Amino acid sequence: MALLVRIERLGNKLPHPFWLFGVLSVLLALVSWALSAAGASAPNPTTGKTVTVRSLVSGDGLRMVIDDAVTNYATFPPLGTILVVMLGVAVADRSGMLPAMLRGAVARVPARWLTFTLAFTAMVAHVASDAAYVVLVPLGALAFRAVGRSPMLGAVVAFVSVSAGYDASPLVTPTDAVLAGLTTAAAQTVDPDHVVNPLSNYFFSIGSSLVLAVVITVVTEKVIARRVAAMPEEEEPDAPQTAAAPGDSLTLGADERRGLRHAGWAVLAYVAVIVAAMIPGSSPLRGEGGSVVQSPVLTGIAVVLAVAFLIAGAVYGRAVGTVRGGRDIPDHMAKGLREMAPILVLFFAISQFLAYFKWTGVGEVMAIRGADLLKSAGITGPWAFLGILLVCTVINLLVTSGSAQWALVGPVFVPMFMLLDIPPEVTQAVYRIADSCTNAATPMSAYFVMTLGVVQRYRRSAGIGTLLSLTLPLCLTMLAAWTLLFYAWWALGIPLGPGVPVR
């Protein structure tokens, strides 16, 4: 507990990520000035050109900072992708389809399957981004209580499944789009033509979601449930006995069930139309030479996903009355994008920092020298992967924003590993593990505090230590299992995604 208290105090001293990247930009300016004065350079083995560090504290640097600020933000790879995807997700969420789908997934499940069902539903719920916490954590408590089990245990299972498994899902999520954009920006410092798409880790993500759901189920039943049962008995507070708020019930109404059926058929029809259109070898939806992997459907997956969510949300909304006319759809989109405002503000600071990092050449020189050091030390892929895991897992205890952390370390790790012949998609897959598993083990997460509030509804005496004692075993086991899964995936040479070899 002493270590956790120190981590909490240290993390509380960190500024908001926006200001953190502002401070990092200032430090980068000083570092680039010192390295430029020292004549720092390195030969790029990919292009054959020598990369020389340029000082941000110079006339050219100042002009770049001012002239390119708008361009840096407007062309930031994750920006357009995440906004387009969220236009569709916002309609699906605001119409009530996503919450109803999640509630329906855990309703009428036999008690013996409830833990696995809740865990896997949380993996699916990652498509709703942070809304998954708000919906599933209290519903997890209600679901466990409905079958006569500890509601506190249900809240913990839902929280850990959403947070510690955040970067794993059987569906393509907005996080996939953000990570792909950041990885693309980092990779293009070495190869300007390299593009990482949101499906680059899709196969690995599907496998991870299944394995993690099983791990959560086993550890919960064998360890956490016994830990909860061993806690001293305590009279349950009266608050949860009051009437449930709208949407808190697990039971779906007739309109909701009909809406989900209609939405499901609509999405199936949409997918069928796309597949049928891609069958002809000369189809415009195929890529060069009739390629499916490089087709507009996959390279433009953000648009395809946005339309799928839009169709599902609109059809569901018409069935239940949350979408009554054409005006409601853009209204839902606008409300959904308003919730994106904090991310858009953070993206401005990140986009400027990454542009400075690329312009100065500091990241490229560090990557080249780091790759040379690893080669001379004989450090190969498996050991290099372990290094990323350890570094990012520790950072994740303090910087809980996955996009902020990847924007910080990606520009170094991605180019460095590319120079070791490790594809950016592989580096990103390793990062997913480190970015997820400790999310449920740090009080720095706002959702850790939210979950503690839910737990305290059922156990007044519960504190940070109580919740940590229940999440830590799950987090550490998930970290070990997920890491072993990656190494097995890598050793067997299984593709990470469509057309993405692991080596």
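Nothing here was measured: the structure is a model prediction, and the numbers come from that model.

Criteria and cut-off values
Residues numbered from 1 in each chain as written. Predicted model: local features only at pLDDT ≥ 70, side-chain atom pairs only at ≥ 80, totals over all residues. Heavy atoms only, no water. Core = buried A, V, L, I, M, F, W, Y, C linked by side-chain atoms within 4.5 Å. Buried < 20%, exposed > 50% of the residue type's maximum accessible area, 1.4 Å probe, protein only. Helix = DSSP H or I, 4+ residues; strand = E, 2+ residues; numbered from the N terminus. Contact = heavy atoms within 4.5 Å. Salt bridge = Lys/Arg side-chain N within 4 Å of Asp/Glu carboxyl O. Phe/Tyr/Trp six-rings, centres within 6.5 Å; stacked < 30°, edge-to-face > 60°. Axes fitted to C-alpha atoms, helices over the stretch in contact; angles between N-to-C directions. Left-handed = near helix turned anticlockwise from the far one by under 90°. Nonpolar A, V, L, I, M, F, W, Y, C, P; charged D, E, K, R; others polar. Expected span 1.5 Å × (residues − 1). Bend = angle between axes of the 7 residues up to and from the residue. Patch = residues over 30% accessible without salt bridge, like charges linked within 9 Å, V, L, I, M, F, W, Y side chains within 5 Å. Areas by Shrake-Rupley, 256 points an atom, 1.4 Å probe, with all protein chains shown as cover. Polar contact = N/O pair within 3.5 Å; in protein donor to acceptor, adjacent residues only side chain to side chain.

Enquirer: Could you clarify how one ought to interpret the nonpolar core in this entry?
Expert: The nonpolar side chains of a soluble globular protein tend to be buried, and buried together. Grouped together as the largest cluster of nonpolar side chains are 134 residues, with contacts concentrated most on Phe204, Ile350 and Phe486. The element that contributes the greatest number of residues to this core is helix H22 (residues 464-492), accounting for 12 residues. Among residues more than four places away in sequence, those in contact with Ile350 are Phe21, Phe76, Leu182, Ser403, Ala404 and Ala407. Ranked by size, the runner-up nonpolar core spans 11 residues in total, among them Tyr270, Ile274, Val297 and Leu298.

Enquirer: Can you help me understand the environment of Gly207 in this one?
Expert: Relative to the helices and strands, Gly207 is located in helix H11 (residues 202-230). Taking the C-alpha atoms as reference points, Gly207 and Leu496, 289 residues apart in sequence, are found 9.8 Å from one another.

Enquirer: What should I look at first to understand the pattern of salt bridges in this one?
Expert: Oppositely charged side chains can form a pair if their charged atoms are brought close together. Inspection of the entire model under this criterion finds five salt bridges. Between Glu221 and Arg149 there is a salt bridge, and its shortest N-O distance comes to 3.0 Å. Note that Glu221 is positioned in helix H11 and Arg149 in the loop between helix H8 (131-146) and helix H9 (151-163), a separation of 72 residues in sequence. With a shortest N-O distance of 2.9 Å, Asp255 and Arg258 are connected by a salt bridge. Separated by three residues within a single helix, Asp255 and Arg258 lie in helix H12 (residues 254-278), roughly one turn from each other. Residue Asp255 is classed as partly exposed on the basis of its relative accessible area, which comes to 38%. When its relative accessible area of 29% is taken as the criterion, Arg258 is described as partly exposed.

Enquirer: Would you mind showing me how to read the packing of aromatic side chains here?
Expert: As enumerated under the stated definition, the model contains 17 aromatic pairs in all. Geometrically, the ring pair formed by Phe204 and Phe486 is edge-to-face, given 6.0 Å between the ring centres and 85° between the ring planes. Of this pair, Phe204 sits in helix H11 while Phe486 is found in helix H22, placing the two residues 282 residues apart along the sequence. For the pair Phe204 and Phe486, one class covers both residues: buried. Between Phe385 and Tyr487, the aromatic rings sit 6.3 Å apart at their centres with planes inclined by 55°, giving tilted as the arrangement. Of this pair, Phe385 sits in helix H18 (residues 381-396) while Tyr487 sits in helix H22, placing them 102 residues apart in sequence. The class of Phe385 is buried, set by a relative accessible area of 1%.

Enquirer: Just to check I follow, could you spell out the packing of helix H7 (residues 114-125) against H11 for this structure?
Expert: Axis angle and axis distance: for two packed helices, these are the angle between their axes and the distance between the axes, and together they describe the pair. Interhelical geometry of H7 versus H11 gives an angle of 145° and a closest axis separation of 9 Å. In this structure, H7 crosses over H11, and the sense of that crossing is right-handed. Residues Thr115, Phe116, Ala119, Phe120 and Met123 of H7 form the contact with H11, whose participating residues are Ser209, Leu210, Leu212, Ala213, Val214, Ile216, Thr217, Thr220 and Glu221. Class assignment of the residues belonging to the contact of H7 with H11 gives a composition of nine nonpolar, four polar and one charged.

Enquirer: Just to check I follow, could you spell out H22 for this structure?
Expert: Residue pairs three or four apart in sequence face the same way in an α-helix, which turns once every 3.6 residues. For H22, which comprises 29 residues, the first-to-last C-alpha distance of 41 Å matches the rise-based estimate of 42 Å (1.5 Å per residue) to within 8%. Considering bend angle alone, the principal kink of H22 is centred on Thr471 and spans about 35°; proline Pro473 follows within four residues of it. In the stretch just after H22, Gly493 is the one whose phi turns positive, near 70°.

Enquirer: Is there a simple way to explain a nonpolar patch on the surface in this structure?
Expert: Where nonpolar side chains cluster on the molecular surface, the patch consists of Val23, Val26, Leu27 and Leu30 and spans about 360 Å² of accessible area. Structurally, Leu30 can be placed in helix H2 (residues 17-37).

Enquirer: I tried to follow the side chain of Asn439 on my own but got confused; where do I start?
Expert: Here Asn439 shows up in the loop between helix H20 (424-436) and helix H21 (446-458). Under the relative-accessibility criterion, Asn439 is labelled buried at 7%. A distance of 3.0 Å separates the side chain of Asn439 from the backbone oxygen of Ser163, its partner in a polar contact. Of note is the side chain of Asn439, whose polar atom sits 2.8 Å from the side chain of Asn396.

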